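Summary of structural features
As a plain string of letters, each chain reads:
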Amino acid sequence: RCMIERCETVAHTSNEYIDHLKHHHEIPRDFRFHCTFQRCPQIASTWHTFRRHLLTHEKHLEILEQPREQLHSGVPKEEITVGQVPIEETLCRFNCPSNDHAPIPQHSNASFEKNLLDIESQSVSLTLYLHSKTNLTRENVHDIQKNISVLNSKTVSNIKNLPLKIVDPQVEYELNTYLDRLENGFDFIDTDYKFFKHLEDKNLFKMPTMVQIDHEPVPIGISIEDVQIENDKSYVVLSAVEFQIRKFLQTDNIIKDVIKNTLELQKSQLIQNIVNGQVWQDIRAKYKSEHIIPISLYCDEFEINDCLSSHNKKHAICGVYYSFPTLPEKYASKLCNIFIAAMIKKIDINECGINMLFRPIVQLFTD
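Worth saying up front: this structure is predicted, and the values here are computed from it rather than measured. (Residues numbered from 1 in each chain as written. Predicted model: local features only at pLDDT ≥ 70, side-chain atom pairs only at ≥ 80, totals over all residues. Heavy atoms only, no water.)

Some details on the overall build of the protein chain
When helices and strands are counted, the protein chain shows 14 helices and 10 strands. Within the span of the protein chain, comprising 367 residues, buried residues form 35% of the whole. Taking the intrachain contacts of the protein chain between residues at least 6 apart in sequence as the baseline, contacts between residues at least 24 apart amount to 51%. (Helix = DSSP H or I, 4+ residues; strand = E, 2+ residues; numbered from the N terminus. Buried < 20%, exposed > 50% of the residue type's maximum accessible area, 1.4 Å probe, protein only. Contact = heavy atoms within 4.5 Å.)

Here it is in structure tokens:
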């Protein structure tokens, strides 16, 4: 029977009932019923599912089991409630021509969602910390994650086996959700693909791009092997320089410290920094009304299979790096504040020349 007041329509199937709501009461077919019981986040896609859910709130079983006619037979509406909300408002949470009740505000449960996000954030932070350790391989990090998950799983299992009596269904739901999240704390980042995808979704990371000389950049994903590379072509792997610089300077308002230190160094009469040289003075004269920060770009070659031998072997790589020469000393002394701009094969530099290969790198900083 239709849940709208003064509507006597009887539907024989769920789809027929939803069609009736859509065409006669202007309710969309994909309408979702939100439970108005205090702190309950349940959302049902059909009235039947919604009604069954309401029956789970044990304190109000007798009210919900009453025939529909009794809801309007002299019983004051304010006495018939689900949680703190009148039953009629629970049954109809939308505006329609035949309903005099105003929509009920949703119950806020922001702290619950925030706690779940905090658990995920701690898992990501720990993973990033482990990856930052130079003596730990990627396999070591995955092993540590698995061991932590096993430990959490045993702890959660012991908690679930405790003889707890929880009356409030919302509290029980939140507790079980927390325990499940703790038990599987790394399941959303347990592979490289999931990990990088999560970081990208959170705007914490951007994949590098591969540039074929005289061609457009091609996304390479996690591995360069994903791209079809022709043997007679030269390629440059470029980092997301703009993203790196923006994230770095926005962290802890580092940009303010850099600008302040740059202005102080420029006042010095001694040549102790690049900003005291004539080249920088000429550049600075072009942007008198703006704050500009110098960036140093340099390269270094290394052999990936033998870092101690000559760098002229077949697998030698030229790493292109950049840093901020006017960083305050507390930042400049850290290796993590030297950033990778690009990677180029040494053999490509010998064949194509440094000018052609460095052109897309310089373009990153001039755009």
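Anyway, onward from the coordinates.
Section: the environment of Asp187
Examined against the element boundaries, Asp187 turns out to sit in the loop between helix 7 (169-183) and helix 8 (192-201). What makes Asp187 partly exposed here is its relative accessible area of 35%. Spatially, the C-alpha atom of Asp187 lies 9.4 Å from that of Gln145, the residues being 42 residues apart in sequence. Dropping the residues within four chain positions of it, Asp187 is found in contact with Arg181 and Lys194. At 2.3 Å, the side chain of Asp187 and the side chain of Arg181 are in polar contact. (Polar contact = N/O pair within 3.5 Å; in protein donor to acceptor, adjacent residues only side chain to side chain.)

Quick word on the packing of aromatic side chains
Under the counting rule described, the total for this entry stands at 11 aromatic pairs. Between the aromatic rings of Phe195 and Phe196, the centroid separation amounts to 5.9 Å while the plane-to-plane angle is 50°, which identifies the pairing as tilted. Among the aromatic side chains, those forming a connected cluster through ring pairs are Phe248, Tyr322, Phe324, Phe339 and Phe365. (Phe/Tyr/Trp six-rings, centres within 6.5 Å; stacked < 30°, edge-to-face > 60°.)

Quick notes on helix 10 (residues 254-266)
The end-to-end C-alpha distance of helix 10 is 18 Å, a good match for the 18 Å that 13 residues give at a rise of 1.5 Å each. Next to the buried residues of helix 10 lie helix 9 (241-250) and helix 12 (329-332). (Expected span 1.5 Å × (residues − 1).)

A closer look at the state of the cysteines
Per the stated rule, a full pass over the model turns up zero disulfides. Free of any disulfide, Cys318 has its nearest cysteine sulfur in Cys299, 4.1 Å distant. (Disulfide = S-S within 2.5 Å.)

Considering the nonpolar core
Residues Val236, Ile344 and Ile361 are the most contacted members of the largest nonpolar core, which totals 24 residues. Looking at this core, the elements that each hand over two or more residues are strand 7 (235-238), helix 9, helix 10, strand 9 (316-323), strand 10 (339-345) and helix 14 (354-366). Once you skip the residues sitting within four places of it in the chain, Ile344 turns out to touch Tyr235, Val236, Ile317, Cys318, Val320, Ile349, Leu357, Phe358 and Ile361. (Core = buried A, V, L, I, M, F, W, Y, C linked by side-chain atoms within 4.5 Å.)

A closer look at the packing of helix 5 (residues 110-132) against helix 6 (residues 138-160)
At a closest axis distance of 9 Å, the pairing of helix 5 and helix 6 adopts a crossing angle of 145°. As helix 5 packs across helix 6, the resulting crossing turns out to be right-handed. The segment helix 5 lies against helix 6, with Leu126, Thr127, Leu130 and His131 engaging Arg138, Val141, Ile144, Gln145 and Ile148. When grouped by side-chain class, the residues that make up the contact of helix 5 with helix 6 number five nonpolar, three polar and one charged. (Axes fitted to C-alpha atoms, helices over the stretch in contact; angles between N-to-C directions. Left-handed = near helix turned anticlockwise from the far one by under 90°. Nonpolar A, V, L, I, M, F, W, Y, C, P; charged D, E, K, R; others polar.)

A word on helix 5
Owing to its 3.6 residues per turn, the α-helix aligns residues three or four sequence positions apart on the same side. With 23 residues, helix 5 extends 32 Å between its outermost C-alpha atoms, agreeing within 8% with the 33 Å of an ideal straight helix rising 1.5 Å per residue. Buried residues of helix 5: Phe112, Leu116, Ile119, Glu120, Ser123, Val124, Thr127 and Leu130, and no others. Residues of helix 5 that are buried make contact with helix 6, helix 7 and helix 8.

What about the packing of helix 5 against helix 7?
Packing of helix 5 against helix 7 brings their axes to within 10 Å, and their N-to-C directions diverge by 10°. The pairing of helix 5 with helix 7 is recorded here as roughly parallel in orientation. Residues Ser111, Phe112, Asn115, Leu116, Ile119 and Glu120 of helix 5 touch helix 7, and the partners they reach there are Tyr173, Glu174, Thr177, Tyr178, Arg181 and Leu182. Split into classes, the residues belonging to the contact of helix 5 with helix 7 amount to six nonpolar, three polar and three charged. (Parallel < 35°, antiparallel > 145°, perpendicular 65-115°, else oblique.)

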